[in-house]
Amino acid sequence: MATDKLNTKLDQWWDVIANLKIDSPQEDWDKFASYTSPESVLYFNGLSQPPARGTAEAVAALKGLLAYWAILERRVLARGVDADGKTAFVNMNNRLTIMGEELDFAEAEVVTFDEEDRIVDYKLYFDPSPVMAIFQKKTAAGSA
């Protein structure tokens with residue numbers, strides 16, 4: 001049962017994220033934040049970048065991402081929950097736009113929830129090379 005509950009929460013959170021824009025109304029951002037613990041640590045940019053800590057930083061970090069990133073389709077390949085029923089893991093091959101270019105992008109997320117089923121720890125694992133290639137191409141095109 002924990003598998004369904006945690007993964008349903010994640011699916012709902014991603015539905016909220018997929019509909020957010022930088023200029024979304026505050027109530028939409030509040031809805032996004034309601035899925036996270038005030039003490040949350042979220043690695044939206046992978047573990048090689050500093051995490052967003054707490055609700056305000058989570059909102060700011062996602063707004064920063066939305067300047068160049070959007071999720072078009074969250075495609076879950078596999079999912080599960082640890083034996084304690086507090087950490088979900090999801091393997092995905094998502095369809096994204098990065099700086100206006102569409103990209104199929106493999107990612108894995110490991111998400112730990114608190115006693116109130118809010119996200120307290122979010123770790124995203126991925127190879128940044130495809131994203132960096134788009135940034136390099138766009139930068140080169142802009143400076144030519």
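Located above this text is the structure these notes cover.
Treat the numbers as computed from the prediction; the structure is a model and nothing was measured. (Residues numbered from 1 in each chain as written. Predicted model: local features only at pLDDT ≥ 70, side-chain atom pairs only at ≥ 80, totals over all residues. Heavy atoms only, no water.)

Turning to the pairing of strand β6 (residues 101–113), a few remarks are in order. Side chains on a regular strand alternate between the two faces of the sheet. Where strand β5 (residues 87–98) and β6 come together, 12 bridges link them in antiparallel fashion. Across the sheet, the residue bridging to Ile 98 is Glu 101, located in β6. Linking β5 back to β6 in an antiparallel pair, the connection comprises two residues, with Met 99 at a positive phi of about 50 degrees. Where β6 meets strand β7 (residues 119–125), six bridges bridge the pair, whose relative direction is antiparallel. Bridge pairing in β7 places Ala 108 opposite Tyr 125. Between β6 and β7, which follow one another and run antiparallel, lie five residues, and Asp 117 among them has a positive phi close to 60 degrees. (Pairing = 2+ DSSP bridges. Helix = DSSP H or I, 4+ residues; strand = E, 2+ residues; numbered from the N terminus.)

For helix α3 (residues 54–66), spanning 13 residues, the distance from its first C-alpha to its last is 18 Å, which sits close to the expected 18 Å at 1.5 Å a residue. Turning to α3, its buried residues number three or more, namely Gly 54, Ala 58, Val 59, Leu 62, Leu 65 and Leu 66. (Expected span 1.5 Å × (residues − 1). Buried < 20%, exposed > 50% of the residue type's maximum accessible area, 1.4 Å probe, protein only.)

Our focus in this paragraph is helix α2 (residues 26–33). Along α2, the residues that are buried comprise Trp 29, Phe 32 and Ala 33. Mapping the buried residues of α2 onto a view down its axis gives an arc of 95 degrees, with all of them on the same face. (Arc of directions from axis to C-beta.)

Attention shifts here to the side chain of Asp 117. Mapped onto the elements, Asp 117 comes out in the loop between β6 and β7. We classify Asp 117 as buried; its relative accessible area is 14%. Not counting the four nearest positions on each side in its chain, Asp 117 is found in contact with Lys 5, Leu 6, Lys 9 and Lys 86. (Contact = heavy atoms within 4.5 Å.)

Our next topic: the environment of Met 92. When you line up the elements, Met 92 lands in strand β5. Linking Met 92 and Tyr 125, residues 33 residues apart in sequence, is a C-alpha distance of 10 Å.

Summed over all chains, the structure comprises 14 salt bridges. Taking the shortest distance from any N to any O, the salt bridge between Glu 109 and Arg 74 comes out at 2.6 Å. Note that Glu 109 is positioned in strand β6 and Arg 74 in the loop between β3 (69–73) and β4 (76–81), a separation of 35 residues in sequence. We note that Glu 109, like Arg 74, is buried. One salt bridge in this structure joins Glu 101 and Lys 137, with 2.8 Å as the shortest N-O distance. You can see Glu 101 sitting in strand β6 and its partner Lys 137 sitting in helix α4 (residues 129–143), a full 36 residues away along the chain. Residue classification places Lys 137 among the partly exposed positions, given a relative accessible area of 48%. A single network of salt bridges, built from pairs that share partners, joins Glu 73, Arg 75, Arg 95, Glu 102 and Asp 104. (Salt bridge = Lys/Arg side-chain N within 4 Å of Asp/Glu carboxyl O.)

Moving on: the packing of aromatic side chains. Under the criterion given, the structure shown has 10 aromatic pairs. Judged by centre distance (6.0 Å) and plane angle (85 degrees), the ring pair of Trp 29 and Phe 32 falls under edge-to-face. Of the two residues, Trp 29 and Phe 32 both sit in helix α2, three residues apart, roughly one turn of that helix. Linked through ring pairs, Trp 13, Trp 14, Trp 29, Phe 32, Phe 44, Trp 69 and Tyr 122 together constitute an aromatic cluster. The ring of Trp 29 has Lys 63 sitting right over it, with the charged end atom 5.1 Å from the ring centre. (Phe/Tyr/Trp six-rings, centres within 6.5 Å; stacked < 30°, edge-to-face > 60°. Lys NZ or Arg CZ within 6 Å of the ring centre and 35° of its normal.)

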